[in-house]
Amino acid sequence: MTKTQKSTALYPHPFSKAYWQDAAAELKDTKMLVVTALMIALRIALKPLAIPLGPQLSIQTAMLAAALGAMIYGPVMAIPSAIISDTIGFLIYPTGDYFFPFVLTEIASTMIYALCLYRAKVTPSRVVLSRFFICFFVNVVLQQLIFAWWYVYIGSPEQARNQILGIMTVARIFKNLCMFPIESVVLTLFLRFLMPITRRAKLTYSSDADMKFTTKQVVILAVLMVVGVSSAVGYMHYRYRTSSRSADYSVEERVEANHAMADVVLANTDEWDDDQVVCIVDSAYRGLFETETDYHVSVYLLDEAAFAAGQEADSGYTMSTLWAYSKSGPGKDKYHSLVKVASAEIVKNEKTGEILEFSCTPTE
């Protein structure tokens, strides 16, 4: 019985019948099924790992496994691999509520990688193009539309409208603008390193020479990196100016900040007893590379009767519970142990600890 020779053809574009026949044939290749399973496992293992670049800026290492896998097994296998990796990844590393349509972002990203890299002469230009399509069409447009769908699903049409209107916000475009060049360079170098291995293993068929950088491509990648780093610095500067640092506090950091602000309030006022005051940091703004933080603080007094009732009803309800509150915490406290009495504006030099400005306004 004659064994059918597997095609090793390369295609200039995916718009041909033969291309899709080869992609579909991967489903019948035992070796390719095993490799796909390994790529899925690698992709899942890398999901929680990221290379941090700044606040809410990081390179997701699972991107590398997704691109490598798509380049090997193609667009037909890309769909089930994306669904499996996304679903199992969520079960192992749950983040928030599960909403199945979010798998569409994984499918779309994997498909874009496959359409750009599978059975093609893989060049730095193709890698950069794949990242551009993902950053714009998936991260900026598709992801926001699915978020809007999610809000409609949970009964929040107003938030859904805001998500749709927020597709082209400056912050969102700026974030993806700065990540696209950096991710493109990292992904290009990663695939360039592994392509000789995949070729020798007869998993890909593009010549190693295709990924050798010409002078023009080196210049382009260097420019992209400069643009990416510059945009990242610009984005972090913008975010620090417009977003409160307190939103990123851990529980320990929040408790420490709340106690520190209470000390400042008590040191600059003599209206309340020390054991009655609890301060909550509502916001904390500090520019990039700056040392001065503008704190907005809510000052509360402890309602001892309500607090005692809360302790009686819940043994885990302690003063530590109150000190760990964020801005919305007191309003959600079902025992209403804290009564707001004032708002304080504090400017602190984080390097020296000096309080530069202080004002306290009683609540009307």
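As a starting point, this report considers the structure included with it.

What follows deals with the packing of aromatic side chains. One pass over the full model with this rule turns up 17 aromatic pairs. Taking 4.9 Å as the distance between ring centres and 45° as the angle between the ring planes, the aromatic pair formed by Phe 90 and Tyr 98 counts as tilted. According to the relative accessible area criterion, Phe 90 is buried, its value standing at 19%. Judged by relative accessible area, which is 36%, Tyr 98 ranks as partly exposed. Taking the centre distance of 5.9 Å and the plane angle of 75° together, the rings of Phe 99 and Phe 102 count as edge-to-face. Under the relative-accessibility criterion, Phe 99 is labelled buried at 8%. Among the aromatic residues, ring-to-ring pairing joins Phe 99, Phe 102, Phe 147, Trp 149, Trp 150 and Tyr 153 into one connected group.

This part is about the environment of Leu 46. Residue position: Leu 46 is located in helix α2 (residues 30-46). Separated by 246 residues in sequence, Leu 46 and Glu 292 place their C-alpha atoms 37 Å apart. Apart from residues no more than four positions distant in its own chain, Leu 46 is found in contact with Thr 61, Ala 62 and Ala 65.

This next bit is on the sheet that holds strand β6 (residues 355-362). Sheet strands pair via backbone hydrogen bonds, and the direction of the pair is either parallel or antiparallel. With antiparallel pairing, the four strands of this open sheet are ordered in space as β3-β4-β5-β6. Every other strand in the sheet has two partners, leaving β3 (277-285) and β6 as the edge strands with one partner each. Ignoring which end each strand starts from, the neighbouring axes of this sheet average 20° apart. As paired strands, strand β4 (residues 292-302) and strand β5 (residues 338-349) are joined by eleven bridges and run antiparallel to one another. Bridged to Val 299 within β5 is Ala 342.

Definitions and limits used
Residues numbered from 1 in each chain as written. Predicted model: local features only at pLDDT ≥ 70, side-chain atom pairs only at ≥ 80, totals over all residues. Heavy atoms only, no water. Phe/Tyr/Trp six-rings, centres within 6.5 Å; stacked < 30°, edge-to-face > 60°. Buried < 20%, exposed > 50% of the residue type's maximum accessible area, 1.4 Å probe, protein only. Helix = DSSP H or I, 4+ residues; strand = E, 2+ residues; numbered from the N terminus. Contact = heavy atoms within 4.5 Å. Pairing = 2+ DSSP bridges. Axes fitted to C-alpha atoms, helices over the stretch in contact; angles between N-to-C directions.

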